[in-house]
Protein chains: 2
Amino acid sequence: MARTNTRFVEAFNEILTLCEETGIGGAMPSENALAAQFDVSRTVVRGVLARLFDEGIISGTGREKLIQRLPTPADQMQGPPVLLTIEELEGKFLDWVLRMDVPPGTVLNVAQLAKEFSVATHTLQEFFSSLSRFSIVARRPRGGWELNGFTPDYAVELSDFRTVLELNSVRHLVELPPQHPIWAKLDKLEADHRELLQRIDTDYHDFSVLDEAFHAAINGVVTNRFVKEFQNIISLVFHYHFQWNKSDERTRNEAAIHEHLAYLDGLRSGDMTRAVDAARAHLMTSKQTLLNSLRVNSHTG
Amino acid sequence: MARTNTRFVEAFNEILTLCEETGIGGAMPSENALAAQFDVSRTVVRGVLARLFDEGIISGTGREKLIQRLPTPADQMQGPPVLLTIEELEGKFLDWVLRMDVPPGTVLNVAQLAKEFSVATHTLQEFFSSLSRFSIVARRPRGGWELNGFTPDYAVELSDFRTVLELNSVRHLVELPPQHPIWAKLDKLEADHRELLQRIDTDYHDFSVLDEAFHAAINGVVTNRFVKEFQNIISLVFHYHFQWNKSDERTRNEAAIHEHLAYLDGLRSGDMTRAVDAARAHLMTSKQTLLNSLRVNSHTG
DNA sequence: GTAATGTTTATTATAATAAAAGACACACCG
DNA sequence: CGGTGTGTCTTTTATTATAATAAACATTAC
């Protein structure tokens, strides 16, 4: 029970290596020096030293700690299995929902999912709590969680919200001065798009990465933490959905490239109305694609 | 240890009342009936019945459970102190931050705060995790939480984001047909504003409520869960800040009423440009007020 | 007097656990 | 025998107790 001793085990093994390098008869550095070197607290260092003494690897307690024998591989400690952190969980969870095609309304079993994802139940709880801000999951009346899931309603609202944010970015972008780095970035993106168009027959799958880079570039001109936070969740959802909607992928992607090129022309025209219209057109298509992808995977038909 | 038996205690006391109403010699309903009536599981009901039997209030076990004696006030059970739920925490936390003037960068002590707010530490953790999506708090490298707080940067970005969302609402609103209920709502709001203007000298404090209703009405025309979620956090932050910025309150509020009236005129003019400009003007003032309120309370001067 | 070690305290992350919900199977009664 | 009720057991959650860690403070050695 209580927290894992991963830090202790890692520090122990590292200090074991240090003992080996120093050699028999060598003196151990001070506790403070060790703590600083391995980025752990002195408490951990003292724990390691105590164990080294017990194992007969170092002698003396206090200031004079000399190495008595070289450590053997058997002295290495085996740590507990490393759990994922909450940050690493996001992709895994969305992937699970889409890959397993978990229907909206499903009750999420925290204990079981925690095992499946190899995280602490506690981590999963926190993660759900933060996801509940985006209505992807919801708390059930007396404990537990439920997947709200990606209903068509959800897709429409997410796309609409994305459109609001991206049109705002576009309005900012158009007014940027010619020396702003965004213009060079857009030129590079156009080249990449045209290049992919050349080899679209075989490499249409590469579009997904380009799409993300394209939208990230446009939205990158707005430096706002709320926009960025949402951008994260939006690109996550779109990314995973596209990964699972294989129908018409080639045609879809080729069409999207052409839309992106028109979008780029619009941005560079300096004409606000033209830019916004091109953006709106592309975002509308994206919304339709997301909706279609839901329909393909849907349970109700 | 383990979860509180609040539900058991409440069910017990309610069923005690039922015993009293039924009277000596009366028969208890079935376990299922009791569970349904008091909205608890059969497990709880069985626990209650067992205790009633132990106390000698009912006789027999199984199908025939008769009331033996009337319960006395001493039979009532005393439940554990009720903890707040995560939903009730939001306001309390923001209130604490602003009232105590907690500076950005403060390390938040989960154990201590949990006591202060009378919630489980676990609940506070989840709450922080969900707040971290809005960058109000951040996870520290090796456990623990830190208040990012309401720096001027934060205020600027929050206000800008609010502006993006509200201008989007305005663009929708202007295009709504005359029979849409929003127009009646706006008429009512105008009347309320004019009425408050009459008694502004004494009741300037009432503006805060009106302000929230005003913006809620405008943003209410967009039915989007993401917009709504953000609206919540935005109005929370603005609400608490205004509550603590007492300087010039009367003048500020009177000026804001006039801006609201101009905003209303803009909305009803049917002229998109005029409506958007009026909205933008008011939102800009709001942003300045929020920034000033930060400056007044700031530590650095 | 400085740098090291020894001691104590505070705080977090996790495992253990009581409460609650719910599933299953059998018993009773018309 | 069908339906209602109870006994038993399993599953799952919310909370607490606790080991691991960090960090502050006190003491000793050179």
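Up top you'll find the structure we're talking about.
Thresholds applied
- Residues numbered from 1 in each chain as written.
- Chains lettered and ligands numbered in written order.
- Predicted model: local features only at pLDDT ≥ 70, side-chain atom pairs only at ≥ 80, totals over all residues.
- Heavy atoms only, no water.
- Pairing = 2+ DSSP bridges.
- Helix = DSSP H or I, 4+ residues; strand = E, 2+ residues; numbered from the N terminus.
- Core = buried A, V, L, I, M, F, W, Y, C linked by side-chain atoms within 4.5 Å.
- Buried < 20%, exposed > 50% of the residue type's maximum accessible area, 1.4 Å probe, protein only.
- Contact = heavy atoms within 4.5 Å.
- Arc of directions from axis to C-beta.

Visitor: Looking at this structure, how should I read the sheet that holds strand E4 (residues 137-139) of chain A?
Guide: Note on sheets: strands pair through backbone hydrogen bonds, and any given pair is parallel or antiparallel. All names here are of chain A. Pairing is antiparallel in the open sheet, where three strands are placed in the order E3-E5-E4. Lying at the two open borders of the sheet, with one neighbouring strand each, are strand E3 (107-108) and E4. The sheet contact formed by E4 and strand E5 (residues 145-147) spans three bridges and is antiparallel. Counterpart to Val137 in the pairing with E5 is Leu147.

Visitor: For this particular structure, what's the right way to read the nonpolar core?
Guide: General note: in soluble globular proteins, nonpolar side chains tend to be found buried as a group. A:Phe93 and B:Phe93 are the most contacted members of the largest nonpolar core, which totals 115 residues. Excluding its chain neighbours within four sequence positions, the residues that come into contact with B:Phe93 are B:Leu108, B:Phe117, B:Phe127, B:Phe128, B:Leu131, B:Ile136, B:Val137 and B:Leu147. The next biggest cluster of nonpolar side chains, apart from the first, holds 26 residues, and it includes A:Val170, A:Trp183, A:Ala256 and A:Leu261.

Visitor: Whenever I open this one, helix H2 (residues 31-38) of chain A confuses me. Can you help?
Guide: Helical geometry: 3.6 residues make up each α-helical turn, so side chains three or four residues apart lie on a common side. All names here are of chain A. Buried within H2 we find Glu31, Leu34, Ala35 and Phe38. Down the axis of H2, the buried side of the element spans an arc of 100°, and every buried residue falls inside it. The exposed residues of H2 that point more than 90 degrees off its buried face are Asn32 and Ala36. Buried residues along H2 sit in contact with helix H1 (6-22) and helix H3 (42-54). The first or second residue beyond H2 is Asp39, which carries a positive phi of 60°.

Visitor: Even after reading the chapter, I still don't get unusual backbone geometry, so can you show me in this structure?
Guide: The general pattern is negative phi for most residues beyond glycine and trans for most peptide bonds. Residues and elements named next belong to chain A. Phi is positive for Ser135, which is not a glycine, with a value near 60°. Relative to the helices and strands, Ser135 is located in the loop between helix H6 (121-131) and E4. A relative accessible area of 15% places Ser135 in the buried class.

Function-wise, these values are silent; they only describe arrangement.
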